[in-house]
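Structure at a glance
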Amino acid sequence: MATAFHGGVLAALFDETGWDARNATLLVGTSAGASAAAMLRGGFSPFDEFARMTDGELSAEGQQFADRVRASVPREPEPRASSNAFRPLGMRMALNGLLPHRFRPGLVLAGLVPRGSQSLARVGATAGAAHDQRWPSQSTWIVTVRVSDGARAVFGRDDLPSTDIGTAVQASSAVPNVYRPVRVGRHDYIDGAVLSSTNADLVAPLGFDAVVIVSSMTAVPAQARCTERDPTRTYFSRVLSREVATIRATGTPVLVVQPTAADLALRRRDIDDATIGAIARQARETARTKLARSEAKHARAVLEATRV
């Protein structure tokens, strides 16, 4: 669902402004956003990603890309690993989340749940197959959380053990209690959304002409207040609001596209190919509506200036 939302939004940005996310100065990806970043840096265009999700026709270049990735990823599912349901994932991580000066409920919950048993090997293999080198040449940051202490770890930016883009994406998507953490060097890493579903604050000090945030796990303010129905979305929305304020305080225009009521309604359906396509199409319309508003004027002008 999150991947479909990303696909629809990026397609709208390309259609409406001519901005191709493949050429962004920096891509920061968390969880599903990490997979999206890997595909973009691998060369898969927003047009082709949208076509893939909506059963459309890919470009010749996109079809070659998709065929190459498909041929490189094993089809057999990995066997489930045994899991100790009574052993917390990381007590130190949970305790660090309780620090009074920086309370992080995501860390607390992640530290107290058991290790997940499912594998994301196919996700990692798909991201890795999109590239002919270990890491993209253009700036790409994949956000994870280190299990040992709950610290944010950004592959592609931080001084971390060398790894490939596929392994980083797999780690960034490892939801606690569901998927197994990913070992890189001496440490295990999990989903970067434990701290923030976007981690947009990372770009605040960089002084970009504009920042685009595609945020699938939050919601527009009217929907984010529905705490009883979706407390996680409410929490992520509040975190994103603080991150956006931090970026805007530097004078950088920010364009945020996040789900509306129409987007969220589709997510309550049974997930199949038709629903994925509907989510992508609605996300495209949501982004188009956002771009037409006066609040998007400055960011849109920056994106249009990149049109080739």
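The structure displayed is predicted, hence computed values, not measured ones.

**Quick look at a negative patch on the surface**
Taken together, the side chains of Asp-55, Asp-270, Asp-272 and Asp-273 present a region of like negative charge at the surface. Summarising the element assignment, Asp-272 is placed in the loop between helix H11 (261-266) and helix H12 (273-291).

**Considering the layout of surface pockets**
Here the second largest pocket defines a volume of roughly 490 Å³. In terms of lining, the second largest pocket is formed by 25 residues, of which the most central are Ala-219, Val-220, Pro-221, Val-256 and Gln-258. Within the residue set of the lining of the second largest pocket, elements represented by two or more residues are helix H9 (221-224), helix H10 (231-248), strand S7 (254-257) and H12. When residues in the lining of the second largest pocket are grouped by element, the largest group, seven residues, is from H10.

**Some remarks on the packing of helix H1 (residues 2-17) against helix H13 (residues 297-304)**
Relative orientation of the contacting elements H1 and H13 amounts to 75 degrees, with a least axis distance of 9 Å. Compared by their axis directions, H1 and H13 come out roughly perpendicular. Across from Leu-13, Glu-16 and Thr-17 in H1, the residues of H13 making contact are Arg-300, Leu-303 and Glu-304. Its residues assigned to classes, the contact of H1 with H13 comprises two nonpolar, one polar and three charged.

**Some words on the environment of Pro-136**
Inspection of the secondary structure puts Pro-136 in the loop between helix H7 (121-129) and strand S2 (140-146). Sequence separation between Pro-136 and Ile-247 is 111 residues, and the spatial gap between their C-alpha atoms is 25 Å. Ignoring sequence-local partners within four residues, the contact set of Pro-136 consists of Arg-41, His-131 and Ile-165.

**Some remarks on the nonpolar core**
If you look at the biggest cluster of nonpolar residues, it comprises 36 residues, and the most contacted ones within it are Val-9, Leu-13, Ile-142, Phe-155 and Leu-255. Taken together, the elements giving at least two residues each to this core come down to H1, helix H2 (32-42), strand S3 (152-155), helix H8 (165-172), strand S4 (182-184), S7, H12 and H13. Ile-142 has contacts with Gly-29, Ala-34, Ala-37, Trp-135, Ala-153, Val-154, Phe-155, Ile-165, Ala-168, Val-169 and Ser-172, leaving out every residue within four places of it along the chain. Grouped together as the second largest cluster of nonpolar side chains are 15 residues, Leu-26, Leu-202, Val-211 and Ile-213 included.

**A look at the packing of aromatic side chains**
One pair of aromatic rings is described through two measures. These are the centre distance and the angle between the planes. Tallied over the entire structure, the rule returns three aromatic pairs. When the centroid spacing of 4.8 Å and the interplanar angle of 15 degrees are considered together, the rings of Phe-44 and Phe-65 count as stacked. Remark: Phe-65 occurs in helix H4 (residues 60-72) and Phe-44 occurs in the loop between H2 and helix H3 (46-53); sequence separation between them is 21 residues. Residue classification places Phe-44 among the buried positions, given a relative accessible area of 4%. When the ring of Phe-155 is compared with that of Tyr-189, the centres are 5.2 Å apart and the planes differ by 75 degrees; the resulting orientation is edge-to-face. You can see Phe-155 sitting in strand S3 and its partner Tyr-189 sitting in strand S5 (residues 187-191), a full 34 residues away along the chain. Here the two residues Phe-155 and Tyr-189 agree in accessibility, since each one is buried.

Cut-offs applied
Residues numbered from 1 in each chain as written. Predicted model: local features only at pLDDT ≥ 70, side-chain atom pairs only at ≥ 80, totals over all residues. Heavy atoms only, no water. Patch = residues over 30% accessible without salt bridge, like charges linked within 9 Å, V, L, I, M, F, W, Y side chains within 5 Å. Areas by Shrake-Rupley, 256 points an atom, 1.4 Å probe, with all protein chains shown as cover. Salt bridge = Lys/Arg side-chain N within 4 Å of Asp/Glu carboxyl O. Lys, Arg positive; Asp, Glu negative; His and termini not counted. Charge placed at Lys NZ, Arg CZ, Asp CG, Glu CD. Helix = DSSP H or I, 4+ residues; strand = E, 2+ residues; numbered from the N terminus. 1 Å grid on protein atoms, 1.4 Å probe; cavity = no way out; pocket = protein on both sides within 12 Å on 5 of 7 lines; lining within 4 Å. Points joined across faces, edges and corners; volume = space filled by probe spheres on them. Axes fitted to C-alpha atoms, helices over the stretch in contact; angles between N-to-C directions. Parallel < 35°, antiparallel > 145°, perpendicular 65-115°, else oblique. Contact = heavy atoms within 4.5 Å. Nonpolar A, V, L, I, M, F, W, Y, C, P; charged D, E, K, R; others polar. Core = buried A, V, L, I, M, F, W, Y, C linked by side-chain atoms within 4.5 Å. Buried < 20%, exposed > 50% of the residue type's maximum accessible area, 1.4 Å probe, protein only. Phe/Tyr/Trp six-rings, centres within 6.5 Å; stacked < 30°, edge-to-face > 60°.

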